[in-house]
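# Structural description and commentary
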Amino acid sequence: MAAAPGGTGTTGRAGPAARTRRRAPSARDVRVLLVFGVVYALACVAGRETLVPGARVSLIWPAAGISVLWLVARARRPWPWLDRLLLGTTTAAVVLLTGTPPGAAVIGGVAATLQAELCVLVLARYAPRLRAARGARQVDRVTELWWLVFGAAAGALASAPLAQLAVALTSQGTTWETALLWSARNTVSIVTIGLLGWSVGGALHDRRLRPGARGGPAWWTDGRRLDVLGALVLAPAAYVLWFLWQSDLAVVFPLIAFTVWAGSRLPTRAVVAHTTLCGALVVVITLGGAGPMANLPDPALQVGVAQLYVGLLTVIGMALALAGEERRRLVGALSVARDRAQAQAGLLASVLETMSEGVRVVDAAGRVVVRNPTAARLLTGRPDLDPDDSLTDLAGLARLDGSALRDDELPFRRALVEGRVRDVDLMVRTPGVPQPRVVTFNATRIPAGSGGGVVTVLRDVTEERAELRRAATVQASLLPARTPDLPGFEVAARFVPAGSVGGDFYDWERVGGGLVITLADVMGKGPGAAILAATTRSLLRAQPAPEDVAGTLSGAERALDADLVNAGAFVTMFRGFLDPSTGDLTYADAGHGLSLVVRPDGSLRRLPATGLPLGIAAGPDRVGARVRMLPGDVLVTFSDGLLDVLGGSIGDLERVRDVVRGTATADGAAAAVLALAGDAEDAEDDLTVLVLRRLPGHPPAGVPHPRGADGV
């Protein structure tokens, strides 16, 4: 079939198909053209020799099958128009030289070309593998066989009117039988010759791929020699004897049983050889004037019945053989898939057996599908449980406070509704174990398309929780135990870690006649952040001049820099020194920026940061600023976890001011600010609040500064 015209893009360059058409044929292309031209001409001559006296068309026309193989072998090669031209002119020339008028010969050449072109178009659209392989692959699917039959019939029927016109130009005249016999003869020729050609081409291609292979074809060497001999020797012999000794047409069709037997037991190439050999014998014996078909009174009827019989042999035998091949391939693929699935199942079972986490899989009805020994041991204390015990392994579950767990609170029940449940800690009481254990459950719903149900992963966190409790105790011991006695001022704080321990901390320390206060927030949460927080507190306490808050931050940063770089972390911090005699608060803010001074009249002043967080750009000395605390003023500083809960914007700081104004003590102010976070137990980040309040009616010693004269 001709390659489709190549489009021209915006660059004006021709597409690949156009370049293929313009490329001159190679030496191989010329050889293919010559070989097919000669074979096709000989096939036309052989077909013209089978013209039965009184019939308007030849008994056989092998050239129809050769023409389709020709166009398929030359698919997507240079000069496709040359193939069509040679095919048509060769047909016309042979028909003309064998006694057909010129006009009829030309029309016959056009009809033969149209027939082959339409058949190849059908194959290109619905059986592209055959055309793409250019004859190097055999037909190996039943659907390809049916599309070959359909394409052959479509081409023959479409070209039949031209054939009828060509016959009408001869002295024989034409009838409707002419078109019918043309269609039947050429359809059978394309199917039988085409299957033989693809079978031979596929065998040659396979031998080229395995040049060192020895021995005969697989269907001869795999233990089926008797079957092959029966199909290629016994069946043809039966045809010869039957056709020579029998003249009754009705008793011929039982011979198709040989083809049914061959198609059921032999591979496709052996069946192609069988049907080709038996069909050729039918044609040769009929041409010789013997056999039941030669005894029919009408030559046209002889042609039609012979073609019908050969077509039945070919289609029945190949359909059975191809169906068997597909079935064997499917069984082989299923066997391979089964072996792979068994191997994967064995691997999965080994993984589940050795996992330190428990895995429990249930279907949509709650029945256990998979439960590894770790899950059974965590839930019941025994690694061997009957898989049919679907809910008995959950009988020991309870909330952390020891109260009973409702059925709808089971993690897998929740996952069926919510889709996913994460980090649910439950208490598990197992027989024979005096102390209950804490197990974390993570459950995910399995999509309905994958069978439905829930997969749950269990992890024993009893020891981990104990370690975290001990770490929390240590961290709590590092926080100030008592509030300082500072006349005229109150200090209070609140700290709620996101887990058992956190990266926030607060601190205060009496230094000389004043007070140093600190609130720090280490990036992250959990034990790692808690370790950095403890280290930071220790370094701050070790500085020689704690009242120099800017110098203290610089010294701590230099000592912490390597640790922060290695951990990929940073620390934001507010640190201030209060001189109670004047009410002046000198502070340094390392990227914190969440400190407010709330005045008694409701005005609000946010203290800006004076530098970057610790660990971002160590080097330059820190600078400080100063604000004066007047009677009734409240300083509130808090971690960003609280700001996230409030909404994350600077405008949300007014909510802090509003709750602070309604309090009478520093402790009340700290509690009110923390209450803005709601249920602090569910917070995703650490929450820390530090409040410094100057009592009303306690002016500083000396002459007070006027309100608003805060120094910087």
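About the cut-offs
Residues numbered from 1 in each chain as written. Predicted model: local features only at pLDDT ≥ 70, side-chain atom pairs only at ≥ 80, totals over all residues. Heavy atoms only, no water. Helix = DSSP H or I, 4+ residues; strand = E, 2+ residues; numbered from the N terminus. Buried < 20%, exposed > 50% of the residue type's maximum accessible area, 1.4 Å probe, protein only. Contact = heavy atoms within 4.5 Å. Areas by Shrake-Rupley, 256 points an atom, 1.4 Å probe, with all protein chains shown as cover. Pairing = 2+ DSSP bridges. Axes fitted to C-alpha atoms, helices over the stretch in contact; angles between N-to-C directions. Expected span 1.5 Å × (residues − 1). Arc of directions from axis to C-beta. pLDDT = per-residue confidence, 0-100. Salt bridge = Lys/Arg side-chain N within 4 Å of Asp/Glu carboxyl O.

When its secondary structure is counted, the protein chain shows 21 helices and 16 strands. Looking at the 712 residues of the protein chain, the share that counts as buried comes to 47%. Considering only contacts in the protein chain between residues 6 or more positions apart, those separated by 24 or more positions represent 67%. In the form shown here, the protein chain has an accessible surface area of approximately 33,300 Å², with 61% of it arising from carbon and sulfur atoms.

Turning our eyes to something else, we now look at the environment of aspartate 206. Structurally, aspartate 206 can be placed in helix α8 (residues 176–209). As for aspartate 206 and arginine 137, which are separated by 69 residues in sequence, their C-alpha atoms are 8.6 Å apart.

Spatial strand order, β7-β16-β15-β12-β13: five strands in an open sheet with antiparallel pairing. The open sheet terminates on both sides in strands that have one partner only, identified here as β7 (489–496) and β13 (604–607). In this sheet, neighbouring strand axes are inclined to one another by 15° on average, regardless of whether the strands run parallel or antiparallel. As defined by bridge partners, β7 adjoins strand β16 (residues 687–694) across eight bridges and the pair is classed as antiparallel. The residue bridging phenylalanine 495 from the neighbouring strand is threonine 688, located in β16. Sheet contacts for helix α21 (residues 666–675): β7, β15 (634–638) and β16; angle to β7, the most-contacted strand, approximately 30°.

The terminal C-alpha atoms of helix α17 (residues 527–541) lie 21 Å apart, and with 15 residues this matches the ideal 21 Å at 1.5 Å per residue to within 8%. All of the buried residues along α17 are Ala529, Ala530, Leu532, Ala533, Thr536, Arg537 and Leu540. Taken end-on, α17 shows its buried residues confined to a sector of 165°, consistent with a single buried face.

Attention shifts here to the pairing of strand β8 (residues 504–511). For β8, a buried count of six out of eight residues is recorded, marking the element as mostly surrounded by other parts of the structure. As defined by bridge partners, β8 adjoins strand β9 (residues 514–522) across eight bridges and the pair is classed as antiparallel. Directly across from valine 511, in β9, lies its bridge partner glycine 514. Here β8 hands over to β9 after two residues, with glycine 512 in that stretch at a positive phi of 60°.

Before going further, it helps to spend a moment on the confidence of the model for the protein chain. Residue-level pLDDT values for the protein chain average 82, and 87% of them are 70 or greater. Counting contacts from residues 1–21, a segment whose pLDDT is below 50, to residues more than four positions away or on other chains yields 35 contacts. Within the model, the stretch residues 701–712 combines pLDDT values under 50 with 19 contacts to residues more than four positions away or in other chains.

Quick look at the pattern of salt bridges now. Close approach of charged atoms allows side chains of opposite charge to pair. Per the counting criterion, the structure on display carries 30 salt bridges. A salt bridge links arginine 84 to glutamate 117; the nearest nitrogen and oxygen atoms lie 2.8 Å apart. One end of the pair, arginine 84, is in helix α4 (residues 80–97); the other, glutamate 117, is in helix α5 (residues 102–126), and 33 residues separate them in sequence. This pair shows no difference in class: arginine 84 is buried, exactly as glutamate 117 is. With a shortest N-O distance of 3.8 Å, arginine 558 and aspartate 621 are connected by a salt bridge. Of the two residues, arginine 558 sits in helix α18 (residues 549–567) while aspartate 621 sits in the loop between β13 and β14 (625–628), which places them 63 residues apart along the sequence. Within this structure, Asp29, Arg74, Arg77 and Asp83 form a network of salt bridges that share partners.

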